[in-house]
Amino acid sequence: MEKVLRAEKLTHTYSGGDPVIEDVSLSLSRGELYGVVGPNGSGKTTLLKILGGIIKPLKGHVEIRGKVGYVPQQIFVEEHFPATVKELITAVGGRASYDVLAQLHLHTIWDKRFVDLSGGQKKIVLIGMALSIKPSVLLLDEPTAELDVHFRKHILVFLKELSRQGTAVLMVSHDINFILTNADRVMVLCRKVEFEGSPTKAGEAVKRVFGMGVTVE
Amino acid sequence: MSEVAVLNLIIVSLTSSILGVPLVLKRLSLLGAGLSHSALGGVAIAYLMGLSPLPTTLIYTLLMGILIYTLSSRGKVSGDAVIAVLFTSGVALGILVLGDHSHSEAHLSEAILGEPFKVSWYDLILSIFLLLLTLLFILRLRNHLTLLCFNEDLAVSYGIRVDMVAYSLLILSSLSIVLAVKVVGVLLASALFVIPAMTSLFLVSGFGRAVLLSSAVSLICTSAGVIITERTGFQPGGVVVFALLLMFMASFLFNQVRSRLQ
Ligand SMILES: Nc1ncnc2c1ncn2[C@@H]1O[C@H](COP(=O)(O)OP(=O)(O)OP(=O)(O)O)[C@@H](O)[C@H]1O
Ligand SMILES: [Mg+2]
């Protein structure tokens, strides 16, 4: 299978402290749905930022074919930030991003300011922004946090369709069930890679890292 | 006021009001105040070394702006602390050099209060040039600027050269703050940036519209200020900033009432 992302032996420390991730390697194939789970502070966001080119790792390197879309875990924006949903999405992808709006049902909030949206709506706009660069790899940090049941389902269907069309999707989530039931392959991260492989075999590593078992629905 | 002085005042406040929007959104509102005060240091150095004041102050302030931004954006020191340090050191330098000699006291009060009537063709041409550069910057890099102000991490992930955009904003702001200091003085210069921007942010949605409205607010207040100055003989800087403040309060109240009603 054609690889669209290859990361080798990533190690990173913030301002000279202890490594927050160490020797993390992974690769993504076209159209793969990949999940990363791990406890708070285990380095998931750091890993995603390195893959998204936002921070340079201390060691290791990342190779990507095509573009990478990044959806942050959370985002703080000035209270009076005037930009509308339309402005933000077209600022990223130009007119070509209009179809992203339709796919994500964003046209109802098209002319609203980003700051006036609910937490879940903000998340969807951030996903829309990432998609409008037509990425070959989509990185999502906590895509389902703050989403209601309805939108969770909607996003899931959408991500699956996206991967069917060939986009590799990497999602980080605290929702272990969501990851284990939907990803093709998972990583259990706790500074180092504790497990990588099929979700059906991840149970033991999850138990070890989180100190408790998870029953997959 | 002479025609050159009027035109210069209008152009300088227009440029400031345009740059004010991204500055406020990038949480750099204090940068204007910091830079205008450190401009005083530039005036002092020019006086001390017998250099021509405007070019010296432009270069000095530009360097200070780059220093402030580089220190704070590299995360070494918090932005407001850096600004506070440079702020006061500029003033200290100004008072030390200009406040002491009997001849130079005039320079100090001119720098603090501005010299709105002493405007040369040279100043005007510089102001026009800066306005054109600012327009070019805003029009060409509008999308990049919006995303940079929105979230720097995201902007980086889209492949935007954030340093290039941020430093362009910084350089334009440093230069226009010096021109603003020359017209309305150290104490009021940053008002020309921050007040019209905040006024417009209370009222509209859309980055482009905010910039447009900020310029409109600035044009209206400056023109009103010029007319009032002609009639009363007050200092134009004070009058313009007072007009801006009235607009600001009106838009703040409007915004409050509107959000209560919703
Ligand atoms: N900008 C930063 N500066 C210094 N340390 C940081 C920074 N960002 C994260 N860290 C540290 O790095 C470690 C990993 O953080 P990271 O955000 O990658 O974890 P995470 O797995 O995403 O956690 P969460 O599940 O809470 O989102 C933490 O110990 C955190 O304190
Ligand atoms: Mg995280």
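Structure's up top.
Below, the structure is looked at part by part. Only a predicted model underlies this, so the values are computations on that prediction, with no experimental measurement involved.

### Considering the sheet that holds strand β4 (residues 59-64) of chain A
All names here are of chain A.
Piece 1. Here we have 3 strands laid out as an open sheet, ordered β2-β1-β4, and antiparallel in their pairing. Only two strands of the sheet have a single neighbouring strand rather than two, namely β2 (19-29) and β4. Pairs of neighbouring strands in the sheet enclose a mean axial angle of 10°, with direction left out of account.
Piece 2. Examined bridge by bridge, strand β1 (residues 3-13) and β4 share 5 bridges and lie antiparallel to one another. In the sheet register, L5 faces β4, and the bridge partner there is I64.
Piece 3. Where helix α1 (residues 44-51) meets the sheet, its contacts fall on β1, β2 and β4, and the angle it forms with β1 comes to roughly 125°.

### Things to note about the site of ligand 1
All names here are of chain A.
Piece 1. All residues adjacent to ligand 1 are Y14, V20, P39, N40, G41, S42, G43, K44, T45, T46, Q73 and H174.
Piece 2. Measuring from an oxygen atom of ligand 1, one finds a side-chain N or O atom of N40 at 2.9 Å.
Piece 3. For ligand 1, an oxygen atom lies 2.6 Å from a polar atom in the side chain of T45.
Piece 4. Here ligand 1 has 640 Å² of accessible area as a free molecule, and 58% of this is covered by the chains.
Piece 5. The element best represented in the shell around ligand 1 is α1, accounting for 3 residues.

### Brief notes about the sheet that holds strand β6 (residues 137-141) of chain A
Residues and elements named next belong to chain A.
Piece 1. Taken in spatial order, the 6 strands of this open sheet run β5-β6-β7-β3-β8-β9, and their pairing is mixed. The sheet terminates laterally at β5 (68-71) and β9 (192-197), the two strands that pair on one side only. Ignoring strand direction, the axes of neighbouring strands in this sheet form an average angle of 15°.
Piece 2. Bridge analysis of strand β3 (residues 33-37) against strand β8 (residues 185-190) gives 4 bridges, and the strand direction is parallel. Pairing of Y34 across the sheet is with R185, part of β8.
Piece 3. Sheet strands touched by helix α5 (residues 149-164): β3, β6 and β7 (168-172). Its angle to β7, the strand with the most contacts, is close to 145°.

### Points about the interface of chain B and chain A
Piece 1. Each partner contributes to the interface: chain B provides 25 residues, whereas chain A provides 28 residues.
Piece 2. Between chain B and chain A lies a buried interface of about 2100 Å² when both sides are counted; carbon and sulfur atoms form 67% of it.
Piece 3. Applying the counting criterion to the chain B and chain A interface returns 3 salt bridges.
Piece 4. Residue B:D153 pairs with A:K49 through a salt bridge whose shortest N-O separation is 3.3 Å.
Piece 5. Where chain B touches chain A, the interface holds 6 residue pairs in polar contact (both at pLDDT 80 or more).
Piece 6. Of all the elements in the fold, those that place two or more residues in the side of chain B that touches chain A are α1 (3-25), α7 (142-150), α8 (152-157), α10 (189-203) and α11 (207-232) of chain B.

### Some points on the coordination of the magnesium ion (ligand 2)
Residue and element names in this part refer to chain A.
Piece 1. Listed as protein donors to the magnesium ion (ligand 2) are T45 (OG1) and Q73 (OE1); their distances from the metal cover 1.9 to 2.3 Å. Of this pair, T45 sits in helix α1 while Q73 sits in the loop between β5 and α2 (85-93), and the two are 28 residues apart along the sequence.
Piece 2. Residue class for Q73 comes out partly exposed when judged on its relative accessible area of 32%.

The rules behind these values
- Residues numbered from 1 in each chain as written.
- Chains lettered and ligands numbered in written order.
- Predicted model: local features only at pLDDT ≥ 70, side-chain atom pairs only at ≥ 80, totals over all residues.
- Heavy atoms only, no water.
- Pairing = 2+ DSSP bridges.
- Helix = DSSP H or I, 4+ residues; strand = E, 2+ residues; numbered from the N terminus.
- Axes fitted to C-alpha atoms, helices over the stretch in contact; angles between N-to-C directions.
- Contact = heavy atoms within 4.5 Å.
- Near = heavy atom within 4 Å.
- Polar contact = N/O pair within 3.5 Å; in protein donor to acceptor, adjacent residues only side chain to side chain.
- Areas by Shrake-Rupley, 256 points an atom, 1.4 Å probe, with all protein chains shown as cover.
- Buried area = accessible area lost by both parts, 1.4 Å probe.
- Salt bridge = Lys/Arg side-chain N within 4 Å of Asp/Glu carboxyl O.
- Donors = N, O, S within 2.8 Å, 3.2 Å for Na, K, Ca; no water.
- Buried < 20%, exposed > 50% of the residue type's maximum accessible area, 1.4 Å probe, protein only.

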